[in-house]
Each structure stands twice: as C-alpha cells, then as structure tokens.
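Residue-level structure breakdown
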Amino acid sequence: MSNSNFPSSIKSILIFGAMNVETEWMISKLSDVKRKEIGGYPFCEGTFNGKKIIVGRTFTGMENSAAATAIGILNFSPDCIISQGTAGGHDPLLHKKDIVIGERLVNISSFKTNRYGKDEGIHPTEWEIKDWDPFEGDEKEKEVPCLYSSSTLVELAMKTEYRNGKLAKGTISSSNNWNMEMDRINHLVETYGSTCEEMESYAATQIANRFNVPVLTVRIISNSEQHPGEEYERTTGLLCQEFVLDVVEKL
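Cut-offs used in this document
- Residues numbered from 1 in each chain as written.
- Predicted model: local features only at pLDDT ≥ 70, side-chain atom pairs only at ≥ 80, totals over all residues.
- Heavy atoms only, no water.
- Helix = DSSP H or I, 4+ residues; strand = E, 2+ residues; numbered from the N terminus.
- Rg over C-alpha atoms; globule rule 2.2 N^0.38 Å.
- Buried < 20%, exposed > 50% of the residue type's maximum accessible area, 1.4 Å probe, protein only.
- Lys, Arg positive; Asp, Glu negative; His and termini not counted.
- Charge placed at Lys NZ, Arg CZ, Asp CG, Glu CD.
- Axes fitted to C-alpha atoms, helices over the stretch in contact; angles between N-to-C directions.
- Left-handed = near helix turned anticlockwise from the far one by under 90°.
- Contact = heavy atoms within 4.5 Å.
- Nonpolar A, V, L, I, M, F, W, Y, C, P; charged D, E, K, R; others polar.
- Pairing = 2+ DSSP bridges.
- 1 Å grid on protein atoms, 1.4 Å probe; cavity = no way out; pocket = protein on both sides within 12 Å on 5 of 7 lines; lining within 4 Å.
- Points joined across faces, edges and corners; volume = space filled by probe spheres on them.
- Phe/Tyr/Trp six-rings, centres within 6.5 Å; stacked < 30°, edge-to-face > 60°.
- Core = buried A, V, L, I, M, F, W, Y, C linked by side-chain atoms within 4.5 Å.

**Concerning the overall build of the protein**
Helix and strand content of the protein: six helices and 13 strands. The globule rule puts the C-alpha radius of gyration for 251 residues at 18 Å, and the 18 Å found for the protein is close to it. Taken over the C-alpha atoms alone, the protein extends approximately 60 × 45 × 35 Å along its principal axes. The burial tally for the protein puts 50% of its 251 residues in the buried class. Separation between the mean location of the 26 positive side-chain charges and that of the 36 negative ones in the protein comes to 7 Å.

Following this line, the structure appears as structure tokens:
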C-alpha cells in the first residue's frame with residue numbers, strides 16, 4: 001500500500017496473533033473489553049492509549065490468517081493492521097528474542113517444479129517460488145512474488161525502542177510448513193533472503209492489501225535451527241506483544 005493512501009490519523013488498530021501466547025497479555029492491557037466470536041475466530045475489542053484496539057486470534061496457518069483478516073476488516077473497519085507473533089529464525093546473525101520488522105514477505109509454499117519423468121528423482125533445490133494472482137488472471141505468473149508492509153509503519157516500528165534483543169528489518173517467509181532441515185533453511189536464506197519463517201503474515205498482508213488497509217508485520221524469534229540450544233521459548237510471545245503496544249503508543 002502506498003503512503004499516499006495512509007490515513008491522516010490512526011484511531012483503530014486490528015492486531016493479530018495466531019496463539020493465546022501471542023495475544024493474552026495484550027488483551028489484559030485493554031480497557032472496556034468486549035469479546036466477540038465470528039466464524040469461530042475470537043476478537044477482543046477495547047481501548048488502549050486512547051485508541052480502539054481489536055485483538056484477533058487467527059489460529060495457525062495461511063488459510064486461517066486470510067479468513068480472520070477478512071472477517072476483522074469487514075466487521076471492525078480498522079485504520080491499520082499489525083500481524084505479530086513468534087517465528088523460527090533463518091538469519092544466522094539473529095538469535096532468540098530478536099525482533100524482525102517484516103519489510104518484505106514471501107510465500108515459500110507456492111512452488112513450481114521442473115519437469116522430470118518417472119524414477120528421475122525429486123529436486124527441491126530447483127523448485128522456484130511462483131504465484132498466480134486470481135485478480136489478474138490465472139495465467140499471469142509473477143517471478144518470486146513478494147508483498148511489503150507499509151513503509152510508514154516499518155519506519156515507525158524501527159524507531160521504537162526494544163531492550164530485549166536486536167531489532168532488524170527483514171524478509172519474512174510464510175507457509176504452512178515447519179522447516180527444520182538446515183540445508184533447506186540455508187537455501188531459503190541464500191535464494192530468497194529469508195530472515196525468519198512463520199505461518200500467517202503473507203496471507204494477512206495479501207488480504208489487507210485487497211482492502212487497501214495499511215499493514216505491518218512484527219515477528220520475534222522464538223527458536224532458531226541456526227543456533228543449537230535455541231529451542232522454542234513461550235515467553236517470547238509476551239515480549240513481542242510488549243513491543244507492539246510500544247509501537248501503538250507512537251501511532
């Protein structure tokens with residue numbers, strides 16, 4: 001979304017997390033909370049820092065994220081959206097508790113393979129990320145499709161203080177996969193510039209763009225195969241929520 005379409009003021013913000021550990025603390029900080037479930041997706045509407053905040057839980061997965069985002073936009077008409085939560089680290093320079101501001105988003109589950117015959121093997125390192133935009137026709141193929149967070153929101157997030165680790169801009173990879181093979185992770189880093197992986201943000205951004213709503217992705221590294229011993233830590237979800245509310249205070 002271009003900055004020319006960015007609202008002159010932000011009065012309502014829709015914030016998504018996939019799991020309770022990514023949303024519970026934030027909900028506890030809202031005043032005058034009203035709870036609503038739509039299509040099985042829970043939303044909590046309240047106030048924080050003089051703004052209307054809607055915290056929605058998407059559950060995991062790209063399809064859930066797309067559905068929850070559309071439902072949230074149609075029912076709450078937010079001025080902007082923040083997709084936030086935990087992610088697995090890909091960039092070897094980043095560690096658990098570091099936060100990635102998703103300047104760029106890539107769908108790493110949309111692949112086209114080369115043609116091989118029976119018994120000619122499987123060649124995943126040759127697979128190329130492709131996408132077909134249904135709004136532009138099924139045959140319109142885009143090379144390495146990617147989406148972008150609002151540059152205004154990215155700049156704002158990067159100016160927000162974070163004391164528990166590094167704060168970095170990067171490329172967030174989304175899919176319904178959990179990658180734990182080091183050679184594959186390094187291939188994603190080298191080929192697509194992947195900083196971390198999760199299962200929601202590309203879909204949320206795609207839907208937000210269709211509705212012309214500015215969107216920002218914020219992800220905290222909760223675990224990293226690049227660093228032995230840096231296994232999943234539940235408390236990272238809390239740290240990410242704290243940072244996101246700090247960003248909200250700047251809006």
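**Some thoughts on the packing of helix H2 (residues 62-76) against helix H5 (residues 201-210)**
Direction vectors running N to C along H2 and H5 enclose 35 degrees, while the axes themselves pass 8 Å from each other. The handedness of the crossing between H2 and H5 comes out as right-handed. Residues Met 62, Ser 65, Ala 66, Thr 69, Ala 70 and Ile 73 of H2 touch H5, and the partners they reach there are Tyr 202, Ala 203, Ala 204, Ile 207 and Ala 208. Classifying every residue of the contact of H2 with H5 by side-chain character gives nine nonpolar, two polar and no charged.

**Let's talk about the pairing of strand E3 (residues 41-48)**
Here six bridges tie strand E2 (residues 31-38) to E3, and the two strands are oriented antiparallel to one another. Along E3, the bridge assignment pairs Arg 35 with Cys 44. Counting the residues that bridge the hairpin from E2 to E3 gives two residues, and of these Gly 39 lies at a positive phi of roughly 60 degrees. Note that E3 and strand E4 (residues 51-57) share six bridges and pair antiparallel. Each bridged residue has a counterpart across the sheet, and for Thr 47 the counterpart in E4 is Lys 52.

**A few points about empty space enclosed by the protein**
Evaluation of the coordinates by the stated rule reveals two cavities of 30 Å³ or more. As a volume, the largest cavity reaches approximately 40 Å³. Looking at the largest cavity, the residues that line it are Gly 88, Gly 89, His 90, Trp 178, Asn 179, Glu 197, Asn 223, Ser 224 and Glu 225. For the lining of the largest cavity, the secondary structure elements donating two or more residues are strand E5 (80-89) and strand E13 (215-224). Classifying every residue of the lining of the largest cavity by side-chain character gives one nonpolar, six polar and two charged. Reported here for the second largest cavity is a volume of approximately 30 Å³. Lining the second largest cavity we find Phe 16, Gly 17, Ala 18, Thr 58, Ser 65, Ser 83, Gln 84, Glu 200, Ala 204 and Arg 219. Looking at the lining of the second largest cavity, the elements that each hand over two or more residues are strand E1 (12-17) and E5. Among the residues making up the lining of the second largest cavity, the classes are represented as three nonpolar, five polar and two charged.

**Structural notes on the packing of aromatic side chains**
Here the structure, examined in full by the defined rule, presents five aromatic pairs. With centroids separated by 5.3 Å and ring planes inclined at 45 degrees, the aromatic side chains of Phe 43 and Phe 76 adopt a geometry described as tilted. Here Phe 43, found in strand E3, pairs with Phe 76, found in helix H2; they are 33 residues apart in sequence, far enough to count as distant. What makes Phe 43 buried here is its relative accessible area of 1%. Linked through ring pairs, Phe 16, Phe 43 and Phe 76 together constitute an aromatic cluster.

**Focus on the nonpolar core**
Ile 13, Ile 15, Ile 53, Ile 101, Val 218, Val 244 and Val 248 are the most contacted members of the largest nonpolar core, which totals 30 residues. When residues no more than four places from it in sequence are discounted, the contact partners of Ile 53 are Ile 13, Ile 15, Leu 30, Cys 44, Glu 45, Gly 46, Phe 48 and Val 248. Listed in part, the 16 residues of the second largest apolar core include Tyr 41, Ile 54, Ala 68 and Ile 81.

**Focus on unusual backbone geometry**
Not every positive phi belongs to a glycine, and Asn 49 is a case in point at roughly 55 degrees. Structurally, Asn 49 can be placed in the loop between E3 and E4. Look at Phe 59: it is not a glycine, yet its phi comes out positive at around 65 degrees. Mapped onto the secondary structure, Phe 59 falls in the loop between E4 and H2. On the accessibility criterion, Phe 59 (27% relative accessible area) is partly exposed.

Geometry only, nothing functional implied.
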